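Spelled out from the first residue to the last, the chains are:
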Amino acid sequence: MKTLTKLLLITCLALLSSFTTANELAASTNKLDGMSIAYNYTSGRSYHLKFEPAGISYQYLTGSRPDVWWGPFPYKAFEVSENIYLAAWFEEGYGDYVTLHINFNSNLLYGSAILQGETVHFHGAKIVSVNKTAK
């Protein structure tokens, strides 16, 4: 478990560093609040998620209960480049820690997660829809 956590942290830090200079770190942002996106992973899983001030909520569209909204879970996000975000959250009670790299310029998303404290998820996805509500 400790090895998986270290691997996830190193991966996230390497990904973030590839978008910033050595003297510039991205600041936390709430620009994703009001955003809703749907995406399909290469693994076949599909999700619909929404960012709100209360946290992130999602539907696991290809799961056994696609109409159920899970969350909200408090999240943190960085805008690492224009229209490119790194977002992460922990699902209290489930043991899932999720990090998403969201690129609205190319409509691609990369997900890295430790699920239930032991299973590793590391896949790419295509964003199929994006909606932004007015604040």
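Scroll up to find the structure.
Residues numbered from 1 in each chain as written. Predicted model: local features only at pLDDT ≥ 70, side-chain atom pairs only at ≥ 80, totals over all residues. Heavy atoms only, no water.

(A) Highlighting the overall build of the chain. In terms of regular secondary structure, the chain is built from one helix and nine strands. For the chain, the succession of helices and strands along the chain, N to C, is α-β-β-β-β-β-β-β-β-β. Residue burial in the chain is summarised as follows: out of 135 residues, 39% are buried. In the structure as shown, the chain presents an accessible area of about 8,000 Å², 57% of it carried by carbon and sulfur atoms. (Helix = DSSP H or I, 4+ residues; strand = E, 2+ residues; numbered from the N terminus. Buried < 20%, exposed > 50% of the residue type's maximum accessible area, 1.4 Å probe, protein only. Areas by Shrake-Rupley, 256 points an atom, 1.4 Å probe, with all protein chains shown as cover.)

(B) Here's a closer look at the sheet that holds strand β8 (residues 108–115). Pairing is antiparallel in the open sheet, where nine strands are placed in the order β4-β3-β2-β1-β9-β8-β7-β6-β5. The open sheet has two free edges, formed respectively by β4 (70–73) and β5 (75–81), since each of these has just one partner strand. Each strand of the sheet is rotated relative to its neighbour by a mean of 25°, with strand direction disregarded. The pairing of strand β1 (residues 35–41) with strand β9 (residues 119–132) spans seven bridges and is antiparallel. Within β9, the position partnered with Y41 by the bridge is A125. (Pairing = 2+ DSSP bridges. Axes fitted to C-alpha atoms, helices over the stretch in contact; angles between N-to-C directions.)

(C) Structural context of the nonpolar core. Core analysis: the largest hydrophobic core is formed by 25 residues, its most contacted members being Y39, F51, L100 and L109. Per-element tally for this core: the top contributor is β1, with four residues. Residues contacting F51, with those up to four places away along its chain left out, are L32, D33, G34, M35, I56, Y75, A87 and I102. (Core = buried A, V, L, I, M, F, W, Y, C linked by side-chain atoms within 4.5 Å. Contact = heavy atoms within 4.5 Å.)

(D) Up close: the pairing of β5. With six bridges joining them, β5 and strand β6 (residues 84–91) adopt antiparallel strand pairing. Bridging across to β6, Y75 finds its partner in W89. From the end of β5 to the start of β6, which pair antiparallel, there are two residues, and N83 there has a positive phi angle of about 65°.

(E) Representation of unusual backbone geometry. Here the amide bond leading from G71 into P72 is cis, since omega sits at 10°, within 30 degrees of zero. Take P72: it is sitting in strand β4. Located in the positive-phi region is N107, a residue other than glycine, with phi close to 55°. One can find N107 in the loop between β7 (96–103) and β8. By relative accessible area, N107 is classed as partly exposed at 35%. At Q116, a position not held by glycine, the phi torsion is positive, near 55°.

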